[in-house]
Structure formats: structure tokens, C-alpha cells
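# Fold and geometry: a report
Letter by letter, the chains look like this.
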Amino acid sequence: MRKPLIAGNWKMNKTASQAEELAGALKDKLKNENKVDIIICPPFTSLEAACKVVKGSNIGLGAQNIYWEEEGAYTGEISAPMIKEIGCQSVIIGHSERRQFFGETNETVNRKVKAALKFDLTPLVCVGERLEEKEAGRTFSVVESHIKEGLTGLKKEEILKIVVAYEPVWAIGTGKTATPQEANEVHSHIRRLLTGLYGEEVASRVRILYGGSVKPDNISGLMSETDIDGALVGGASLQADSFVGIVQGAG
Ligand code: PEP
């Protein structure tokens with residue numbers, strides 16, 4: 001039985017004081033929630049402020065990216081041990097915005113996933129096709145390369161520590177959501193791929209989140225599908241009420 005997980009990707013939003021305020025509101029409104037795992041992912045500069053608020057609560061903390069080296073001359077980068085020490089338990093890896101604007105590839109995703117696992121961080125690994133790939137009928141093959149290349153070299157016990165987020169790029173921040181059935185077809189394909197690579201026992205335990213314009217009014221339809229285990233939420237994670245509505249709708 002996979003416990004639902006809702007993760008909020010705040011992207012480049014919320015200063016430290018704004019993060020403290022939003023995290024405080026979420027902690028208060030979600031204090032009795034125990035059916036759903038909850039993670040918030042503020043920007044790096046707001047992690048410490050958010051951590052002080054959610055520490056010891058039912059809300060986990062994640063970063064939005066890391067570099068794969070632990071330390072050194074890599075100006076502007078942040079490493080896994082740095083976010084670990086500040087209080088993160090997880091990190092988003094390979095978000096489509098990072099692939100699109102910052103040159104991330106399946107190879108860099110793979111290095112970052114390995115760096116996260118080395119420091120006992122849960123990687124939330126994002127996969128998903130762009131609109132032109134969907135229109136060319138390439139959804140399954142794109143997702144397959146993201147999974148196979150992004151997770152290459154991982155052992156079965158490491159796969160159990162990851163979370164996959166299927167985010168069709170055409171649905172991110174656009175208001176267009178894949179229908180629950182459309183999303184579930186891809187989720188089931190991902191689980192089949194994981195089964196082929198790591199066996200059914202492992203694949204059946206990996207949580208696969210959906211991401212792309214998730215809102216309080218579409219989460220329950222998504223969650224009613226067999227292979228959708230939660231959501232990675234962008235825009236709607238920036239207001240307490242909408243994020244709370246999504247968490248409650250997932251339970
Ligand atoms: C995201 O960026 O991960 C995302 C799913 O964004 P949105 O919910 O705004 O579509």
C-alpha cells in the first residue's frame with residue numbers, strides 16, 4: 001500500500017519571511033493530517049526559515065535542485081550535504097524547467113540522483129514529455145529514456161528510496177491537466193518499466209506522483225486512478241488554502 005504524497009514546488013517564489021508565513025499557515029491547517037505525506041520545497045534562501053517552522057511537524061522539507069559534487073570550486077552551486085544539514089529530507093531532481101532553461105540532461109539527472117541518495121535524501125525525479133513529443137506520439141519513449149538513463153546504475157534498494165514525478169511539460173503552469181485516465185496510462189507505463197528493470201516487488205512500492213496544473217478540484221479524480229500516488233504541485237502550492245485543499249483531497 002503506497003501512502004499518498006503531496007509535494008509543493010515553490011519554484012523561485014517566497015522570500016525567507018514569506019516562506020516562514022506560508023509554512024506557518026500550512027503547519028497550522030494541516031496539523032491533524034496523517035493520511036498523506038506532505039513536503040514543501042522552498043527556494044534555497046528560504047529553506048532555513050521554513051525548516052525552523054516545520055521541524056518536528058508532519059511537513060517535510062525539500063530543495064528544488066542540487067549539484068552532484070559535494071564541495072569545491074563550483075560558483076553558485078549548492079550540494080547535497082549543504083541541504084541535508086539545513087534540514088532537508090528530499091530534493092526535486094530534473095524538473096522540466098531545469099531541463100529547459102539550465103541544460104539538465106538525463107546524465108546530469110543521474111549524477112544528482114546518486115548524490116542525493118549518498119546523503120540519504122529522497123530524490124523526487126521528474127520525467128515527462130514536451131508538447132511536440134506528445135504530438136509526435138513519443139510520450140512513452142521519452143519517459144522511458146528519462147527513467148532508464150536518469151536512474152541508470154541504481155541498486156534495487158536505492159530505487160525504493162526514490163519518488164518519480166510524471167509531469168507532462170505541456171501541463172505545467174498552463175492550466176491544462178492531463179485527464180486522470182491519460183495520466184494513469186503513463187504512470188502504469190512507468191511502473192511497467194520499473195518492473196522490467198527492478199522486479200515487481202520493488203516497482204509496486206515506488207510512489208509515482210502526477211504534476212501539471214493540479215488544483216483542489218482535480219486532485220480526487222487523479223487520486224482515484226490505480227497508479228497515481230500523489231502530486232507535485234507548482235502554482236497551487238503558493239497559497240495555503242489551495243495547497244491544503246489538494247492535501248485534503250488526496251487523503
Ligand atoms: C511543477 O512545476 O512541478 C508544476 C506541476 O507546476 P504547476 O502545478 O503550476 O503546473
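Let me sum up the structure you'll find in this document.

## Here's the deal with the pattern of salt bridges
In this structure the tally under the stated criterion is 18 salt bridges. The residue R207 makes a salt bridge to D37 at a minimum N-O spacing of 2.8 Å. A residue pair is termed long-range when its members are at least 10 positions apart, and R207 in strand β7 (residues 207–211) and D37 in strand β2 (residues 37–41) qualify at 170 residues. The shortest N-O distance in the salt bridge between E104 and K112 comes to 2.3 Å. No difference in accessibility class separates E104 from K112, as the two residues are buried. Overlapping salt bridges bring together R2, R191, D227 and D229 as one network.

## What about the site of the ligand?
K11, H95, E167, G173 and S213 are the nearest of the 14 residues found near the ligand. At 2.7 Å, a side-chain N or O of E167 approaches an oxygen atom of the ligand. G235 is positioned with one of its backbone polar atoms (N or O) 2.8 Å from an oxygen atom of the ligand. Burial of the ligand by the surrounding chains reaches 96%, relative to a free accessible area of 290 Å². Here the shell around the ligand is composed, by residue class, of four nonpolar, eight polar and two charged.

## Topic: the environment of A178
You can see A178 is positioned in the loop between β6 (163–166) and α9 (180–198). By relative accessible area, A178 is classed as buried at 3%. In sequence terms A178 and P168 are 10 residues apart; their C-alpha atoms lie 7.8 Å from each other.

## Description of the side chain of S213
In this fold, S213 is placed in the loop between β7 and α11 (219–223). A residue is classified by how much of its surface remains accessible, and S213, at 11% relative accessible area, is buried. For S213, the side chain forms a polar contact with the main-chain nitrogen of G175, separated by 2.9 Å. Leaving out residues up to four positions away in the same chain, S213 has contacts with A171, G173, T174, G175, K176, T177 and N218.

## Quick notes on the sheet that holds strand β8 (residues 230–233)
Within the closed barrel, the eight strands sit side by side as β1-β2-β3-β4-β5-β6-β7-β8. Their pairing is parallel. Sheet twist, expressed as the mean angle between neighbouring strand axes with direction ignored, is 25 degrees. Relative to strand β3 (residues 59–63), helix α2 (residues 44–54) is tilted by about 165 degrees, and along the sheet it contacts β2 and β3. Relative to β7, α9 is tilted by about 150 degrees, and along the sheet it contacts β5 (122–127), β6 and β7.

## Re the packing of helix α1 (residues 16–29) against helix α12 (residues 240–250)
Two quantities define a packed helix pair, namely the angle between the axes and the distance from one axis to the other. Remark: α1 packs on α12, axes separated minimally by 10 Å, with the N-to-C direction vectors making an angle of 40 degrees. Note on packing geometry: the crossing formed by α1 with α12 is right-handed. Every residue of α12 that contacts α1 at L22, A25, L26 and K29 is listed here: A240, D241, F243 and V244.

## Some words on the nonpolar core
Membership of the largest hydrophobic core comes to 69 residues, with the highest contact counts inside it found for I6, L26, I40, I147, L151, I190 and Y210. Once residues lying within four places of it in the same chain are set aside, the contact partners of I40 are G8, W10, A23, L26, A50, V54, I59, G60, L61, G62 and F243. Counting residues in each nonpolar core, the second largest holds 11 residues, with A7, I39, A165 and L209 among its members.

## Some thoughts on the packing of α1 against α2
Running from N to C, α1 and α2 point in directions that differ by 30 degrees, and their axes come no closer than 8 Å. On the basis of their axis angle, the class for α1 and α2 is roughly parallel. In this structure, the crossing between α1 and α2 has a hand that is right-handed. Contacts between α1 and α2 involve A16, A19, E20, A23, G24 and K27 from the former and T45, S46, A49, A50, V53 and V54 from the latter. Across the contact of α1 with α2, the residue classes tally to seven nonpolar, three polar and two charged.

## Section: the side chain of H187
Structurally, H187 can be placed in helix α9. Separated by 3.0 Å, the side chain of H187 and the backbone oxygen of D227 make a polar contact. Excluding anything up to four places from it in sequence, H187 contacts Y166, I208, L209, Y210, D227 and I228.

Scoring rules and cut-offs
- Residues numbered from 1 in each chain as written.
- Predicted model: local features only at pLDDT ≥ 70, side-chain atom pairs only at ≥ 80, totals over all residues.
- Heavy atoms only, no water.
- Salt bridge = Lys/Arg side-chain N within 4 Å of Asp/Glu carboxyl O.
- Helix = DSSP H or I, 4+ residues; strand = E, 2+ residues; numbered from the N terminus.
- Buried < 20%, exposed > 50% of the residue type's maximum accessible area, 1.4 Å probe, protein only.
- Near = heavy atom within 4 Å.
- Polar contact = N/O pair within 3.5 Å; in protein donor to acceptor, adjacent residues only side chain to side chain.
- Areas by Shrake-Rupley, 256 points an atom, 1.4 Å probe, with all protein chains shown as cover.
- Nonpolar A, V, L, I, M, F, W, Y, C, P; charged D, E, K, R; others polar.
- Contact = heavy atoms within 4.5 Å.
- Pairing = 2+ DSSP bridges.
- Axes fitted to C-alpha atoms, helices over the stretch in contact; angles between N-to-C directions.
- Left-handed = near helix turned anticlockwise from the far one by under 90°.
- Core = buried A, V, L, I, M, F, W, Y, C linked by side-chain atoms within 4.5 Å.
- Parallel < 35°, antiparallel > 145°, perpendicular 65-115°, else oblique.

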